[in-house]
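Coordinates in review
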Amino acid sequence: MSQQWWHSATVYQIYPRSFQDSNGDGMGDIPGIISRLDYLCKLGISIIWLCPVYASPMADNGYDISDYCAIAPEFGSMEDMQALIKAAKARGIHIIMDLVLNHTSDQHEWFQQSRSSKQNPYRDFYIWRQPDEQGQPPQFNPTSYFGGSMWTLDEQTGEYYFHQFASAQPDLNWRHPDVQQAMHKIINWWLQQGIAGFRLDVVDLIGKDIDAGILANGPHLHKLLQNMNQQCFAPQQAITVGEVWSATPETAKLMTRPERGELSMLFQFEHILQLHHPEHGKWRARPFNLIAFKQQLERWQQQIGNGWIAQFWGNHDLPRAVSTFGHEGDYREPSAKALAMIQFALKGTPYIYQGEEIGMTNVQFEHIDDYRDIETLNHYHEKRSQGWAEEDIMTGIFRHGRDNARTPMQWSASAHAGFSKAEPWIGLNDNFQQINVGQALVEPDSILYCYQQLIALRKTWPVLVYGEFFMLLPDDPQLLVFKRHLAEEAALVVVNLSAEPAAFSYNGHGEQVVGNYGNRQQISGHYQPYEAVIFDLGD
Ligand code: TEU
Ligand code: CA
């Protein structure tokens, strides 16, 4: 397999609204990110994935873009953005921007034009349909990701427009060549600003064929991605990572095998979807099941071939990793390290979501009014109107609401956790006095330094990057054990992902390279709760 520098690199995801405020308005911003670049440099990451900072009415915190080539004033100016790109580059850090291709804001000039009249040249930039005799939307009428219908009637022209997310996020019509061209121009403009590439939001939705009732992984997807790659990404060696909720090892190979000329890598969500209830999705989530997790892991690791995927536990849409897959209580630290060791010992580029490197946890705000996320608030009001009990709804929000990931970054035990001099836009997690970067930096054995060690190890030990994957003990309910082989090199990863001791016997010797319970002499023996070790089995 042809080797790429970003195969052994680590990406750090920043949610700008919650990372670092620099001007005391309680909201994170770009100068705040610049002020924390030395910290990220010390951690050792090579790429920053920056969630949207474009001009936006912020109906969905920036995933509703009203101008792709302007920066939202609350995050700063274009000069600030160019300063960030320059300051990061000076520290060997590349920036990838978050690009929302599937939809724009309804405040975007294109949509304002499009909704103004049926004859407007931008009309077909979006997807319009006439009401039927009863004034209803088309037959094909799925529920939006944020609740309600995917069709909204627009009084101005008396037609319905399509939106898979909020009505403030109308879907673009990617069948229209002018839409493709306009987006290619925007992509190339940003690449000329010196960024290294893009995270592509819900990219598997742009190839849809609504009249055939196909949304994800639609008939036009691959052609659109190949075109975009030829026109934009390939000529400038841009890195691209697609958010692909519909991905399977088969479709992932089609989108990421180098010879396909589509994407560099993608996020697949099978380990997240395993937690979702068949009918109620994440709002009545199922407990983490290690055996099911191992089954999907083995399949992806063995079937991705020369395709490439991202390795992640969390992001700005998902609950905190240690709360979902680890242990929030007595074993928060060892479990956070165990999750990191698994992530960094797998085939795929690791993505750290801000705060994971200090083991930040989920939050439980007292009242629904303390929540800010459009998906969460829509869900709450929809279920209340359907008679769900308050407690039942809040339990779902506590476990899988997106605001769990969006509480301010916990830099110190001082006021507002060092995030801002003012009251933050969303509440802090009360545990910031115990869990913060300042604390982690003074503790030689902290989760932070474990991440630092793993980031460096992946750059120097190719078996973790390119080694063949072998699962051991697939049916063990406590232990996750796998091997990586590359030429003469071999690594063994042993993790007890339970709160009870577990016994493991192995016929062979190995040197501990990374561990979270002190230095183990023997591979065989008892593993403490959430104990994890990466062994070098030598040649
Ligand atoms: O997310 C896509 C998406 O499907 C998730 O929002 C999903 O519905 C859910 O929240 C996960 O449990 C992307 C962005 O990451 C998200 O922040 C945006 O809200 C969404 O697209 C629309 O742009
Ligand atoms: Ca600010």
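What this report covers is the structure whose coordinates are included nearby. Residue indices begin from 1 for each chain and proceed along its sequence in written order. The lettering of chains begins at A and the numbering of ligands begins at 1, in the order of writing. Per-residue local features are limited, in this predicted model, to residues with pLDDT of at least 70; the limit for side-chain atom pairs, both in listing and counting, is 80 or more; totals at the level of whole chains, interfaces and linings are taken over all residues. The basis for every side-chain value is the complete set of non-hydrogen atoms in the structure, without hydrogens or water.

Here we look at the side chain of His-400
To keep it simple, the criterion reads: Strands are runs of DSSP state E lasting at least 2 residues, helices are runs of H or I lasting at least 4, and numbering of each runs from the N terminus. Residues are treated as being in contact if the distance between any of their heavy atoms lies within 4.5 Å.
When you line up the elements, His-400 lands in helix H13 (residues 390–400). When residues no more than four places from it in sequence are discounted, the contact partners of His-400 are Leu-275, Lys-282, Trp-283, Ala-285 and Pro-319.

Some remarks on helix H6 (residues 221–233)
Heads up, the condition is: Any residue under 20% of the maximum accessible area for its type is buried, any over 50% is exposed, and the rest in between are partly exposed; the area is computed with a 1.4 Å probe on protein chains only.
Residues of H6 that are buried include every one of Leu-221, His-222, Leu-224, Leu-225, Gln-226, Met-228, Asn-229, Cys-232 and Phe-233, and no others. Contacts from the buried residues of H6 go to helix H5 (177–192), strand E9 (197–201), strand E10 (239–243) and helix H7 (249–256).

Things to note about the packing of aromatic side chains
Aromatic rings considered in pairs are described by the distance between their centres and by the relative angle of their planes. The following threshold applies: Any two of the Phe, Tyr and Trp rings considered here, Trp counted by its six-membered ring, make a pair once their centres fall within 6.5 Å; the pair's planes then place it as stacked at under 30 degrees, edge-to-face at over 60, or tilted in between. Lysine and arginine charges are scored as sitting over a ring when NZ or CZ, respectively, is within 6 Å of the ring centre and within 35 degrees of the ring normal.
Scanning the entire structure with this criterion turns up 34 aromatic pairs. Aromatic pair Tyr-54 and Trp-190: ring centres 5.9 Å apart, planes at 80°, arrangement edge-to-face. With Tyr-54 in strand E3 (residues 54–55) and Trp-190 in helix H5, this pair connects stretches of sequence that are 136 residues apart. Looking at Trp-190, the relative accessible area reads 0%, which means it is buried. Here Phe-365 and Tyr-371 contribute two aromatic rings whose centre-to-centre distance is 5.1 Å and whose plane-to-plane angle is 65°, an arrangement assigned as edge-to-face. Of the two residues, Phe-365 and Tyr-371, both sit in the buried class. Among the aromatic side chains, those forming a connected cluster through ring pairs are Tyr-54, Tyr-68, Trp-110, Tyr-122, Phe-125, Trp-189 and Trp-190. It is Arg-520 that lies over the ring of Tyr-527; its NZ or CZ is 3.8 Å from the centre.

Regarding the sheet that holds strand E8 (residues 159–162)
Rule in force here: One requirement defines pairing of two strands: DSSP has to find at least two bridges between them.
Strand order in this open sheet of 3 strands is E6-E8-E7, and the pairing throughout is antiparallel. Two strands in the sheet have a free side with no partner beyond their single neighbour: strand E6 (128–129) and strand E7 (151–154). In the sheet, E7 pairs with E8 via 4 bridges, with the strands oriented antiparallel. Looking at the pairing, Leu-153 lines up with Tyr-160 of E8.

Focus: the side chain of Arg-199
To keep it simple, the criterion reads: Under the rule applied, a polar contact is a pair of N or O atoms within 3.5 Å (in protein, one hydrogen donor and one hydrogen acceptor; residues adjacent in sequence only if both atoms are side-chain atoms).
Checked against the element boundaries, Arg-199 lands in strand E9. Relative accessible area serves as the criterion here: at 1%, Arg-199 is assigned to the buried category. In terms of polar contacts, Arg-199 uses its side chain to reach the side chain of Asp-98, at 3.0 Å. In this structure, Arg-199 is in contact with Trp-49, Tyr-63, Ile-96, Met-97, Asp-98, Leu-99, Val-241, Glu-243, Phe-267 and His-316, ignoring residues within four places of it in sequence.

Any functional reading would require information beyond the geometric quantities listed.
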